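# A closer look at the structure
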Amino acid sequence: MTFPITKTNGGDLVPSARTFESGDYPVKTYKAQNGAEHRVLYGSNRTNMKLSLTYANIRDVDAEKFLDHYDEVQGTFKTFVLENVEGTDINPTCVGWEGNQDALGAGTPGTPGKDYRYEGPPQVAQVASGRSTVTVNLIGVL
Amino acid sequence: MAYFTGATGKLFLIKETDGEDDTVVEIAAVQNWSVSSSVSLISTKTLSQTDDVFTPVGRSTTGSCRILYYQETLGSKTLSSGTGSASTFLNKIIKQRDSTIPSGASLDQNELFSPTKAFKIRLKIDDTSDNGKFIDMRVFITNISLSMSVGDVVAADVQFQCQGAPVAVDI
């Protein structure tokens with residue numbers, strides 16, 4: 001159940017654009033009658049990270065990998081890890097990010113829980129014969 | 001070493017008729033022609049790459065020509081046999097109303113050959129060889145501008161767009 005990180009003809013499958021929302025800690029906010037705000041922290045881990053990956057103009061055979069993976073993990077049901085390329089510390093989904101890779105992970109840095117699941121189905125837009133742009137929206141779960 | 005000037009340039013209309021051989025008609029009084037082919041690319045550059053990487057996905061061929069409007073015999077549009085004039089192109093898109101279309105006229109530009117609405121032309125450089133160097137292409141005229149002004153001869157500026165890839169190329 002590996003998230004697609006390798007092209008069909010070899011080489012890393014690297015996104016052309018990436019956005020990351022760092023989620024939040026489970027906090028509940030109450031407003032008192034005098035206007036004062038009270039916040040209750042319910043958990044010690046940050047959650048609900050959102051990672052959006054765009055793979056622009058990739059070959060259709062590579063775009064298909066995302067559809068296959070979406071099926072493998074039964075849509076938005078099962079979780080998965082964004083893995084490194086075997087035998088390296090390169091994570092193709094994080095390429096270009098020069099900060100700590102954990103910062104873009106699904107879990108709070110330094111704590112367990114780095115799983116993502118699909119927030120919705122991958123969007124595949126055909127841009128030319130044999131070429132498609134794939135947008136994948138993931139959400140971090142503990 | 002041989003160079004070519006405008007004197008070696010020619011423009012032909014290739015007439016197609018169902019079930020018959022093509023006839024090549026030279027367009028007289030062509031002042032210039034040009035053809036331009038461009039390739040469209042999509043970027044396949046990914047994060048961390050510094051330089052652009054592309055994949056070609058399409059090609060577009062367009063052209064233009066300027067044809068003087070004249071008459072061999074004043075008052076008659078007819079030219080010598082096997083020759084075409086500016087009217088040959090003008091009449092392809094500037095048409096009078098057709099009784100079969102309310103208030104309109106046919107958009108077909110190839111009246112003699114129904115399978116295609118575009119017509120064939122040949123842009124030629126006469127290098128003294130049998131066929132010269134040429135580009136045959138099926139085109140749609142996209143714009144014609146017939147202009148008249150004091151101190152200038154009447155001429156039609158024609159712009160055309162190639163339908164598909166050129167039919168034959170030897171250049």
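Everything below is about the structure printed above this text.
The present account deals with the structure reproduced in this document. (Residues numbered from 1 in each chain as written. Chains lettered and ligands numbered in written order. Predicted model: local features only at pLDDT ≥ 70, side-chain atom pairs only at ≥ 80, totals over all residues. Heavy atoms only, no water.)

### Some remarks on the environment of His69 of chain A
Residue and element names in this part refer to chain A. Note that His69 resides in helix α1 (residues 60-72). When its relative accessible area of 2% is taken as the criterion, His69 is described as buried. For the pair His69 and Pro4, spaced 65 residues apart in sequence, the C-alpha to C-alpha distance is 7.3 Å. Separated by 2.6 Å, the side chains of His69 and Tyr118 make a polar contact. (Helix = DSSP H or I, 4+ residues; strand = E, 2+ residues; numbered from the N terminus. Buried < 20%, exposed > 50% of the residue type's maximum accessible area, 1.4 Å probe, protein only. Polar contact = N/O pair within 3.5 Å; in protein donor to acceptor, adjacent residues only side chain to side chain.)

### Some words on the interface of chain B and chain A
Facing the nine residues of chain B at the interface are 12 residues of chain A. When chain B packs against chain A, close to 760 Å² is buried across both sides, 66% of that on carbon and sulfur atoms. The largest share of the area that chain B buries against chain A comes from Ile42, Thr46 and Leu47 of chain B, three residues that together contribute 57% of it. In this structure, the connection of chain B to chain A is made through zero salt bridges. Those elements that place two or more of their residues in the side of chain B that touches chain A are β3 (30-43) and β4 (54-68) of chain B. Of the residues contributing to the side of chain B that touches chain A, the split by class is three nonpolar, five polar and one charged. (Contact = heavy atoms within 4.5 Å. Buried area = accessible area lost by both parts, 1.4 Å probe. Salt bridge = Lys/Arg side-chain N within 4 Å of Asp/Glu carboxyl O. Nonpolar A, V, L, I, M, F, W, Y, C, P; charged D, E, K, R; others polar.)

### Topic: the pattern of salt bridges
Scanning the entire structure with this criterion turns up 12 salt bridges over all chains. In this structure, the salt-bridge partner of Glu119 of chain A is Lys50 of chain A, at a minimum N-O distance of 3.5 Å. On the criterion of sequence distance, the pair formed by Glu119 of chain A in the loop between β6 (115-118) and β7 (123-128) and Lys50 of chain A in strand β4 (residues 50-59) is long-range, its members being 69 residues apart. Between Arg122 of chain B and Asp136 of chain B there is a salt bridge, and its shortest N-O distance comes to 2.6 Å. Separated by 14 residues along the polypeptide, Arg122 of chain B in strand β6 (residues 119-125) and Asp136 of chain B in strand β7 (residues 133-147) bring together distant segments of the chain. Residue Arg122 of chain B is classed as buried on the basis of its relative accessible area of 16%. Each of Glu16, Asp22, Lys120 and Arg138 of chain B takes part in a single network of salt bridges with overlapping partners.

### Here we look at the packing of aromatic side chains
As enumerated under the stated definition, the model contains seven aromatic pairs over all chains in all. Seen from their ring centres, Phe3 of chain A and Phe66 of chain A are 5.6 Å apart, and the 70 degrees between their planes marks the pair as edge-to-face. Taken as a pair, Phe3 of chain A in the segment before β1 (17-21) and Phe66 of chain A in helix α1 lie far apart in primary sequence, 63 residues in all. Accessibility assignment for this pair places Phe3 of chain A and Phe66 of chain A in one class, buried. Judged by centre distance (5.2 Å) and plane angle (50 degrees), the rings of Phe80 of chain A and Tyr118 of chain A are tilted. You can see Phe80 of chain A sitting in strand β5 (residues 80-81) and its partner Tyr118 of chain A sitting in strand β6, a full 38 residues away along the chain. For Phe80 of chain A, a relative accessible area of 3% corresponds to the buried category. Ring-pair connections join several aromatic residues into one group, and the members of that group are Phe3, Tyr55, Phe66, Tyr70, Phe80 and Tyr118 of chain A. It is Arg122 of chain B that lies over the ring of Phe134 of chain B; its NZ or CZ is 4.4 Å from the centre. (Phe/Tyr/Trp six-rings, centres within 6.5 Å; stacked < 30°, edge-to-face > 60°. Lys NZ or Arg CZ within 6 Å of the ring centre and 35° of its normal.)

Read these as geometric descriptors, not functional statements.
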